[in-house]
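Each chain, written out:
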Amino acid sequence: MPEAPPTDEGWFVLHDFRTVDWDAWRDAPAHERERAIEEGVAYLRTHEAVEDAEEGASAVFSVLGHKADLLVVHLRPTLDDLSRAERQFERTALAAFTEQPTSYVSVTEVSGYVSQEYFEGDKEEVDAGLRNYIEGKLKPDIPEDQYVAFYPMSKRRGEEYNWYDLSFEERSEMMSDHGDTGRDYAGKIKQVIASSVGFDDFEWGVTLFAEDPVEMKNIVYDMRFDDVSSKYGEFGRFYVGRRFPPADLGAYLEG
Amino acid sequence: MPEAPPTDEGWFVLHDFRTVDWDAWRDAPAHERERAIEEGVAYLRTHEAVEDAEEGASAVFSVLGHKADLLVVHLRPTLDDLSRAERQFERTALAAFTEQPTSYVSVTEVSGYVSQEYFEGDKEEVDAGLRNYIEGKLKPDIPEDQYVAFYPMSKRRGEEYNWYDLSFEERSEMMSDHGDTGRDYAGKIKQVIASSVGFDDFEWGVTLFAEDPVEMKNIVYDMRFDDVSSKYGEFGRFYVGRRFPPADLGAYLEG
Amino acid sequence: MPEAPPTDEGWFVLHDFRTVDWDAWRDAPAHERERAIEEGVAYLRTHEAVEDAEEGASAVFSVLGHKADLLVVHLRPTLDDLSRAERQFERTALAAFTEQPTSYVSVTEVSGYVSQEYFEGDKEEVDAGLRNYIEGKLKPDIPEDQYVAFYPMSKRRGEEYNWYDLSFEERSEMMSDHGDTGRDYAGKIKQVIASSVGFDDFEWGVTLFAEDPVEMKNIVYDMRFDDVSSKYGEFGRFYVGRRFPPADLGAYLEG
Amino acid sequence: MPEAPPTDEGWFVLHDFRTVDWDAWRDAPAHERERAIEEGVAYLRTHEAVEDAEEGASAVFSVLGHKADLLVVHLRPTLDDLSRAERQFERTALAAFTEQPTSYVSVTEVSGYVSQEYFEGDKEEVDAGLRNYIEGKLKPDIPEDQYVAFYPMSKRRGEEYNWYDLSFEERSEMMSDHGDTGRDYAGKIKQVIASSVGFDDFEWGVTLFAEDPVEMKNIVYDMRFDDVSSKYGEFGRFYVGRRFPPADLGAYLEG
Amino acid sequence: MPEAPPTDEGWFVLHDFRTVDWDAWRDAPAHERERAIEEGVAYLRTHEAVEDAEEGASAVFSVLGHKADLLVVHLRPTLDDLSRAERQFERTALAAFTEQPTSYVSVTEVSGYVSQEYFEGDKEEVDAGLRNYIEGKLKPDIPEDQYVAFYPMSKRRGEEYNWYDLSFEERSEMMSDHGDTGRDYAGKIKQVIASSVGFDDFEWGVTLFAEDPVEMKNIVYDMRFDDVSSKYGEFGRFYVGRRFPPADLGAYLEG
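Predicted, not measured: the structure shown is a model, and the values here were computed from it.

S.K.: I tried to follow the overall build of chain A on my own but got confused; where do I start?
M.R.: In terms of regular secondary structure, chain A is built from 9 helices and 10 strands. At 19 Å, chain A has a C-alpha radius of gyration in line with the 18 Å of a compact globule built from 255 residues. Oriented by its inertia axes, the alpha-carbon framework of chain A measures out at about 60 × 40 × 35 Å. For chain A, with 255 residues in total, the buried portion stands at 64%. Of note, chain A has its 27 positive side-chain charges centred 4 Å away from the centre of its 54 negative side-chain charges.

S.K.: Can you walk me through the environment of H15 of chain C in this structure?
M.R.: Checked against the element boundaries, H15 of chain C lands in strand β1 (residues 7–20). Filtering out sequence-adjacent residues up to four positions away, H15 of chain C remains in contact with L71, V72, V73, T102, S103, Y104, F150 and T207 of chain C.

S.K.: I'm lost on the relation of the copies chain A and chain B in this one. Help?
M.R.: Between the two chain copies there is a screw-like relation: a rotation about an axis and a shift along it. Note on the copies: chain A fits chain B at an RMSD of 0.0 Å, the axial shift is 0.0 Å, and the rotation between them is 72°. Both copies are brought into coincidence by an operation consistent with a five-fold rotation axis. If distances are taken from each C-alpha of chain A to the rotation axis, the shortest is found for E159 of chain A, at 6.9 Å. Looking at the interface residues of chain A, only 4% of them are also at the interface in chain B, so each copy uses its own face.

S.K.: Even after reading the chapter, I still don't get the relation of the copies chain D and chain C, so can you show me in this structure?
M.R.: It takes a turn of 72° to lay chain D on chain C, together with a shift of 0.0 Å along the axis; the resulting RMSD is 0.0 Å. When the interface residues of chain D are mapped onto chain C, a mere 5% of them are again interface residues, pointing to distinct binding faces.

S.K.: Just checking my understanding: could you explain the interface of chain A and chain B for this structure?
M.R.: Contact residues are listed per partner, giving 47 residues for chain A and 44 residues for chain B. Buried area between chain A and chain B, summed over both chains or domains, comes out near 3,900 Å², and the portion from carbon and sulfur atoms is 54%. Applying the counting criterion to the chain A and chain B interface returns 9 salt bridges. A salt bridge links R242 of chain B to D80 of chain A; the nearest nitrogen and oxygen atoms lie 2.4 Å apart. In this assembly, chain A and chain B are joined by 24 residue pairs in polar contact (both at pLDDT 80 or more). Sorting the residues of the side of chain A that touches chain B by element identifies β1 (7–20), α3 (79–91), β4 (98–99) and β5 (103–111) of chain A as the ones contributing at least two each. Counting residues per element, the side of chain A that touches chain B draws most heavily on α3 of chain A, at 10 residues. Here the side of chain A that touches chain B is composed, by residue class, of 18 nonpolar, 12 polar and 17 charged.

S.K.: Sorry if this is basic, but what is going on with the interface of chain D and chain C here?
M.R.: How big an interface is tends to be expressed through the accessible area that disappears when the partners come together. Facing 43 residues of chain D, the contacting portion of chain C comprises 47 residues. Summed over both sides, the interface of chain D with chain C buries roughly 3,900 Å², with 54% coming from carbon and sulfur. The largest per-residue losses of area from chain D upon contact with chain C belong to K217, Y221 and F225 of chain D, which jointly make up 20% of the total buried on that side. If you look at where chain D meets chain C, you find 9 salt bridges.

S.K.: Looking at this structure, how should I read the packing of helix α6 (residues 168–183) of chain E against helix α7 (residues 213–224) of chain E?
M.R.: Residues and elements named next belong to chain E. Remark: α6 packs on α7, axes separated minimally by 10 Å, with the N-to-C direction vectors making an angle of 150°. Between α6 and α7, the angle is such that the two are roughly antiparallel. The interaxial crossing formed by α6 with α7 has right-handed handedness. Only I219, D222 and M223 of α7 make contact with α6, whose side of the interface consists of H178, T181 and G182. Its residues placed into classes, the contact of α6 with α7 shows 2 nonpolar, 3 polar and 1 charged.

S.K.: Would you explain the arrangement of the chains in this entry?
M.R.: Here chain B and chain E are not in contact; the least distance found between their C-alpha atoms is 13 Å. If you take every C-alpha in chain C and every C-alpha in chain E, the smallest gap between them is 13 Å, and the two do not touch.

S.K.: Sorry if this is basic, but what is going on with the pattern of salt bridges here?
M.R.: Pairs can form between side chains of opposite charge once their charged atoms are near each other. Under the definition given, this model contains 110 salt bridges over all chains. In this structure, K67 of chain B and D200 of chain A form a salt bridge, with 2.8 Å as the shortest nitrogen-oxygen distance. Here D200 of chain A lies in the loop between β7 (189–195) and β8 (204–210) and K67 of chain B lies in the loop between β2 (57–63) and β3 (70–76), a pairing that spans two chains. Of the two residues, K67 of chain B and D200 of chain A, neither departs from the other in class, the shared state being buried. Taking the shortest distance from any N to any O, the salt bridge between D180 of chain B and R183 of chain B comes out at 2.9 Å. Of this pair, D180 of chain B and R183 of chain B both sit in helix α6 (residues 168–183), separated by 3 residues, roughly a single helical turn. Connected through salt bridges with shared partners, the residues D16, R18 and E90 of chain A together with D23 and R26 of chain B form a single ionic network.

Parameters at a glance
Residues numbered from 1 in each chain as written. Chains lettered and ligands numbered in written order. Predicted model: local features only at pLDDT ≥ 70, side-chain atom pairs only at ≥ 80, totals over all residues. Heavy atoms only, no water. Helix = DSSP H or I, 4+ residues; strand = E, 2+ residues; numbered from the N terminus. Rg over C-alpha atoms; globule rule 2.2 N^0.38 Å. Buried < 20%, exposed > 50% of the residue type's maximum accessible area, 1.4 Å probe, protein only. Lys, Arg positive; Asp, Glu negative; His and termini not counted. Charge placed at Lys NZ, Arg CZ, Asp CG, Glu CD. Contact = heavy atoms within 4.5 Å. Least-squares fit on C-alpha atoms with pLDDT ≥ 70 in both. Buried area = accessible area lost by both parts, 1.4 Å probe. Salt bridge = Lys/Arg side-chain N within 4 Å of Asp/Glu carboxyl O. Polar contact = N/O pair within 3.5 Å; in protein donor to acceptor, adjacent residues only side chain to side chain. Nonpolar A, V, L, I, M, F, W, Y, C, P; charged D, E, K, R; others polar. Axes fitted to C-alpha atoms, helices over the stretch in contact; angles between N-to-C directions. Parallel < 35°, antiparallel > 145°, perpendicular 65-115°, else oblique. Left-handed = near helix turned anticlockwise from the far one by under 90°.

Printed below as a string of C-alpha cells:
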C-alpha cells in the first residue's frame, strides 16, 4: 500500500468569514455604530497582538463580493485558542452586525515530500537554516502584503487519477515540480499551507499573500498546468480580499 | 452476487448539531440567559446520566467554525429514546437560542469483516474477551478524551471501483489492512462506528475521540492511503469539537 | 432500442414533510397550542379515515433529526386529491407552527419486470391471487408497523453502467434477483413503490415499513449488494420515523 | 467539427414559480385576502388575454409539493415583455403573499433535426401545412389540458458519451427515433420545447400538457429508453401541476 | 509539463447582482421609494461616469427570473476601486431594498492563444492596430447593445479530457477554431472575457452583449459544438438581462 508522507504540524488555523448586515448598519444610530467599531477594533487589536494566547498571529481582511465582507484569520497553538477567539468575537457589539456564512479549520503542516532531510535524520541535527524554514511554515507570521486569496483543496481520488494510489516517489516528484513553479513567484507570493484532513470538508486550506493581486491569478493559473493540480487537484471556492489595519475598520464599514 | 457481511447492531445514535443565535444571546436579559443555562445544564446532566432511558450514553461538545456551535451525541437502545431526547432538548429555554443545522442518525454495528469468529460460531461460546470487545463496540462508553471529530461516509459504487461488486474476501482483506492502520493509533484514538444505511444520507457515521487533535488528522490522513479509503471511500462533511462537562455550558456561552 | 417495461399505475402519493418551529411552539400561549393540536388531530383523523376522497390511505409519522419533524403520507386516486390534502393542512392552526422543507410526489406502480403474466395475458383472466397482489401494490394499505423509512432513487445512466441501455431480459433478471432478496424479509419489511418519473426529481420513491428498524437497515444493506443497486442504483436522501396515531399528536409536540 | 443544427426561434418564455406564504395568508384580515385575490385574478386575466403585449399566451397552474404552489407561464415576443410581466406581478397585492423560489427563461425553438425540409429550402416556398406546424411550435397556444409537467434538461457532454461530438446525422437519427416515441402519445401529450442556451442553467426547458397525468409519467419513462435520453440526457428538477382558470384563484388559496 | 499561455491583464471586474425586496418596496411610503430611486440613480450615474476612480466603466442591467433583479457591472483599475464601489452601493437608500444573492470577481485578460504576435515580440513594436485591439480587450467600453448574458466557466480537468494536460499547440488550435466561430457573430455579439483564477469559483467570467438576444443563444449554442467547449468546457449558471440608463431606475422599480 502507498505510504503516507511524514508530517510535522504547527499552529491551528481558523479562517473566520463574516458578512456585514448593511441594512442594520445603515439603520443603526450613530452611537451603536461607534460602539461596534470601538469593540471591533479592540477585538482585532488584541488578537493581532495575540494577547489571548501564548503565541500565534491574527489579521483582518476585507473580502470582495457576496461570499463575505470580512475575513479574520487566526493562527494559535491550540484548537481551544481558536474556539475562544471565535466566541470572543461574538461578544463584541460588532458581531451584532455580522453573520458567519462560512469558515475553515486547519493546522499548518510540512510534509516529507518537500523537506525530506528534515524528516529523515535526527531533527536535533538539522541545520539552522532548514529549521528556521520549517519553523516559518509551522508558526508563520502573516505577511504584510496587501492582498489575500484563500481556497480549500483536496487531492483527487478518481477512478483513473488517484493521488492516494501513487507511490511516494511519484507523489514526491510531482510535489517537487510544483515547488519549482512556486519558486518562480519568490518575492511576489507568500503562502500558508494547512491541513484540514479530519477537521474540515477539503484536505488543505491554502492562503496566498501578494502585493499585486494579478500575481495571485498568475501563480494559480501556472500551477494548474502542473501535473499535481491538473490531474490530481480538486478545488473548493475561492475568496479574495485585502488586508487592513484594525484602526481602519470604521472607514471600511462607512464605505 | 457478492455477499453482504453478517452484522450485529447495538445502540441507536443521534448526532444533534446546534448553532447558537449569538445575537439573541447577547441581547437577552441576564435572567433569561441564566434560565437557558440552568435548563441546558439540567438537560445535559440528566442525559449524560441516562435518566431518560434504560441504558445508553450522552455527551456534549463545542464545535469549531460556522457549521455548528454545539454537538450533543446520544446513544440509546431505541430510536424512540433518541426522538424523545431530541424533543426534550426543544423544551429547554436553551433551545430558544439554538437552531439545528444538521444531524445524523445511525446504529452501532460490528460486521463479519473484522470479527469473523464472533459471527461464525455459536455466539454463546464466544470467549469472554471477544464478547466484551464486541459489546464495547455495540454499547460504547463515550471516551473521556477531550477532542471529537465526526464525519459520515459511504463506500464507492463507481463504474470501475465498486465496493459492492467485490467478493467478501477482497472486502475483508482491505478491511483487515485498514484495521492494522487503526491499531497504530491504539491509545491515541478511539472510535465509534455506526451504520446509517436506510436511516441517513451516507452509509456510516464515524466519530473519533483523541486527547491530541493532531492525531485525528494523522489517522484520517494515514487511512486515506489504505485501498479501502483511497479507492472505495466517499466522505461527507467533517466536524471537529471539544468535550465539556455540562457544568461548563455557561462558561462556553459567555465566550 | 431497449424496451420500456409495461406498467400499471394506482394511487398518487404525496410525502408531505414538515418541520416544527419549536421556538414558536414553546412561546405560544396554551390555548393556541391546544387549538393547533385540536385542528391537527382533526386533520389527521379525517385524512386517515379518507373522508376527503373516494378512497385512499393516510398516516402520520414523527421523523428523527433535522430534516423534518413530521411526515404525513397521503395516497389518493388523483393528484387533485393530494393537492387538496396539502392545502387543507395549511388551513389548520397546526400549520402555523410548521414549515414544509421537502416533499415527494409519485404514483404507485407495478411493472412487467416482476409480474410478467399479469401484463402478458388478458387482465380479466388473471387469477384472483395475482390480481389481489397487484391491487395491493397499486392501492396499498399503509402497514400498521411502527417504523418507516423513505428514500427516492433513480436508475443509473452512467457511461459504463446504463440501466436504460440494457435489454429487457437483463433488467428483468436483475429485478428478479432483487425480489429474491426482498423475499428474505417477508413478514419483517413491507414496502410501497411509486414512480415519480415526470413528477419529481428522482425516478421512484420507496417507503419501507417495519416493526424493528434494524431490519430496514438490513434490507437496504443486503440489497445494496444486488447488481441492480450496486451497479445501477442512485439514491437520494434517507428519512426515518415512527408512526403515531393522530390522538398522540399533542404528546409528540409536548416532547 | 460537428455542425450545429439550423434553428428558428419564436416567443420567449418565462416559467414564474411562486410559493404561497400560508402563514401570512391565514393571518391576514379578510379584506386583505380579498384584495389579493382580486388583484391576482385581474393580473392573471389580463395576462391570459395578453393585454400587455402584441401577442403571446399565459396560463396559471397550481403546483404540488414544497417546490412551489403556483406556476405562471408567459410566452411573449420579447424578453422585455417577460420582464414587465414578472414585475407587474410584484405590483399586485397577491405578490405580498408569495415568494419566487425558482424560474426559467427560454425561447421556443425548432431545429433542423426534425424539420429538415423547412430549413433546407426557401422558407417562403414551404407548404402551408408545415409552416403551420412550425408556427405552432414557435408561437404555441397553451393547451387546454388539465395537467402540466415542467423540467429543464441538457445534452450530456460526458467523456464517453458527448452529444456535441456526434455528427449531425447521428444526432438527427436519434432525434427522429425520439420523435417516433413522442408520436405514440399523439392526442395524449402536447409539449412546448424552448431553448435556454445562454439564458438559463440547462439547455432546454420542456413543458408537457396532458389530460391524464399518468401519461406524462409514461412518456418520460418511455423516452428515457431512447438513446437520446438514456445516453445523452441530463435532467434538472421536475415540477407537476394543474391548470386553473384565473377565477378559481380564491378557491385555490382558500384550500 | 504543458506550458501556461502568456497573458496580459487589464481592469478588474465586479459583477454585482442584486435582488429587489418587492414586498418592502410595495409597502414603503412614497418618500422612501423616491429617496431610494434618487440615491440609486445618483450612484449609478456617478459610477457610469467613473467619478469614483481614474478610469473604468460601469453599467446597470435588469435581470430576468428569480436569480437576480439587477446587475451592476464595474470595471476598474484596482480591486480596491471595486471594493469601494460595492460598499458605496450599500450606503444608498436603494440598498435597503436589495440583497446581494451572488457576484463575480475577475480581471480582463488576453492570452497568447489568440494574439501570439503580441506576446512574442517587443510589445513596444507591436503595430497600432493590434495594440488598440488588445487595449480594447483589457480596458473595454461596455457596449451600448441592449441585452447582456453572463456566465462563469472553467476548462475541464477530466480523467480523459484534461485541458491542462494538452500541449500549448493543441490548446492554441482549439482556441483559434473557437475564435472563428466567434467571428461569425462579428457585429452581432460583443464580449468581455475576464479571468477569475484565484479570485472566484470558476476560471473565467464571460459577458456577452447583443442587440438581439436570440444571437446570444445562437453563439453559445454554435460554440458548444467547438471542441474547446464540447470536450473541455464546464459552465456555471447563466444570467440574462437588459441594459437601462440610470434615469430609468424608477420606471423599472415601479414595474
